[in-house]
Amino acid sequence: MSMPPYGVKPGRRRAGPHRCPSVAHAVGWTLLSAVVPGAGFLHNRRHRLGALVLVVSLGGLGWAAYAAPHGLHSALDLAFDPARLTRAAVLTAICMTLWVAVVVGTFVALRPRPAPHRWHLLGGSAFVGALCLVVVAPVGLVVRDAFAQVHAVNAVFTHNRTATRPTHVTAADPWNGRNRVNVLLLGGDSGPNREGTRTDTMILASLDTRTGRTVTFGLPRNLMDAPFPDDSPLHALYPNGFTGPGDPASWMLNAVYREVPILHPHVLGSSADEGADAIKEAVEGVTGLPVHYYVLVDFTGFRELVDAMGGITVNVNIPVAINGQTDAHIAPTGYIEPGPDQHLDGFHALWYARGRYGADDYQRMARQRCVVNAIIDEANPVNLLRRYQALAAAGSRVVSTDIPKELLPAFVELALRAKDHRAKSVLFRLSTEFNPGAPDFDYMHEVVQKALASQGKHRHHQPSSAQDDNDACAYHPGQSY
């Protein structure tokens, strides 16, 4: 006669695993286990496994609640810390894999045997598979976007130190006591018919670090004799401003980025972008404001960036030419027709920003500021989340900057505050007071200081060169700025 297993009293049989009487019951317990992991294993009388899964799940949820970002600042810190974001994404993927294993394992353990009907079992299996897909798919998209964010941050915001970037800044004190931070926005044109990059778009944005209120200064590309700060090595080389022999076009403001690194390599020190250092110092001399950081968008990839955003919406007051050269008498191949709230794809947005045929530089500069405003308008959280993959991929190829990675959360917070205020814009254009061919830099410095001092006041307090973006970008048929 056989003896009972050790630990089991004679006359009693050890209870085996409990299976559900029907597929529907098994699906019900599987659904419960999806919410309370381990419940199905406990019902299945696999008490140790069920208790382990339940305790680990509760512990993991508690840790996630503790470690998850609390508030905007901590969320931004996570988003712009590639190491932490990578760990969080990997851990999330592992947790989802284990969750799927628990859900599928619960159904397999509880399904009746033999199955009452083959089609019932297939239907139950399909339902469990769909449940896993519904939960895992959005989490998978989040994990994918997290890795895209890691790639974008590493591509744009690491190994980007320039010689002119501020020192002694930290995430805890991003502005180092400054009331304003000045960022130079550059549009680089490195087209197929050009050698190197010319910065045909140059807008200095000065942001109040407390309120986010912003004043932008649009600088003409053909500004001559740009001075450099007195303490700069470039001032010693160009005591009378950026000028020299040969083609005058090689000495305009938009040529500084390209020419200085060629003529004087490493003159400002070790840098990830010597051209950016040079143009930052030139713009400081022109405006009288220190230029802390720069952001360069290459127009060769601008089209891709706008398409990634889903297009931009602008008002078109007069026809804007596509292609064409006025001086060479080459006619445009088409036009962007006038109309309010014109939604432009990347191709048309590029020509709206750079179209020059039949227009002067100042009209083009005004359109470029409208493009900047339109991009800001499109950069809302819903649109960013919906198109994040394409934006991250385009941004890493199109944008370069010397903003350090650790300051990104502070800059994003500042940008969010800036969206709550209407930007004031100063456009330096040909007038009785200003001539880009022979500029009065004392006058320019005075205009800049008046614009900053009058920020937030009524329009009639603005300096004569100021122009309100809402007016310039509003719909006024037949009127150009």
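The structure we're discussing is the one just above.
Residues numbered from 1 in each chain as written. Predicted model: local features only at pLDDT ≥ 70, side-chain atom pairs only at ≥ 80, totals over all residues. Heavy atoms only, no water.

Once that is clear, we can look at the overall build of the protein. When helices and strands are tallied, the protein shows 17 helices and 11 strands. Counting the 481 residues in the protein, one finds 45% classified as buried. Partitioning the intrachain contacts of the protein with sequence separation of at least 6 by distance along the chain shows that 71% fall at a separation of at least 24. Total accessible area computed for the protein in this model is approximately 24400 Å², and 60% of it derives from carbon and sulfur atoms. (Helix = DSSP H or I, 4+ residues; strand = E, 2+ residues; numbered from the N terminus. Buried < 20%, exposed > 50% of the residue type's maximum accessible area, 1.4 Å probe, protein only. Contact = heavy atoms within 4.5 Å. Areas by Shrake-Rupley, 256 points an atom, 1.4 Å probe, with all protein chains shown as cover.)

A complete count under the given rule lists eight aromatic pairs for this structure. Judged by centre distance (6.3 Å) and plane angle (90°), the ring pair of phenylalanine 228 and phenylalanine 242 falls under edge-to-face. With phenylalanine 228 in the loop between strand E3 (214–218) and helix H7 (233–237) and phenylalanine 242 in the loop between H7 and helix H8 (256–263), the pair connects residues that are 14 residues apart, well separated along the chain. Pair check on accessibility: phenylalanine 228 and phenylalanine 242 agree, each one buried. On the numbers, 5.3 Å between centres and 65° between planes, the contact of tyrosine 238 with phenylalanine 242 is edge-to-face. Just as tyrosine 238 is buried, phenylalanine 242 falls in that class too. A network of ring pairs unites the aromatic residues Phe228, Tyr238, Phe242 and Trp251 as a single cluster. Positioned over the ring face of tryptophan 351 is arginine 354, at 5.5 Å from the centre of the ring. (Phe/Tyr/Trp six-rings, centres within 6.5 Å; stacked < 30°, edge-to-face > 60°. Lys NZ or Arg CZ within 6 Å of the ring centre and 35° of its normal.)

Glancing now at the state of the cysteines. All told, the structure shown has one disulfide when counted by the stated rule. Covalent S-S linkage joins cysteine 370 and cysteine 473, the inter-sulfur distance amounting to 2.1 Å. On the sign convention where negative is left-handed, the bridge of cysteine 370 and cysteine 473, at about -100° about the S-S bond, is left-handed. You can see cysteine 370 sitting in helix H12 (residues 361–378) and its partner cysteine 473 sitting in the segment after helix H17 (469–472), a full 103 residues away along the chain. (Disulfide = S-S within 2.5 Å.)

Scanning all chains against the criterion turns up six salt bridges. Between arginine 210 and aspartate 208 there is a salt bridge whose closest N-O contact spans 3.1 Å. A salt bridge links lysine 450 to glutamate 446, with the nearest nitrogen and oxygen atoms 3.1 Å apart. With a gap of four residues between them, lysine 450 and glutamate 446 both fall in helix H16 (residues 441–453), about one helical turn apart. (Salt bridge = Lys/Arg side-chain N within 4 Å of Asp/Glu carboxyl O.)

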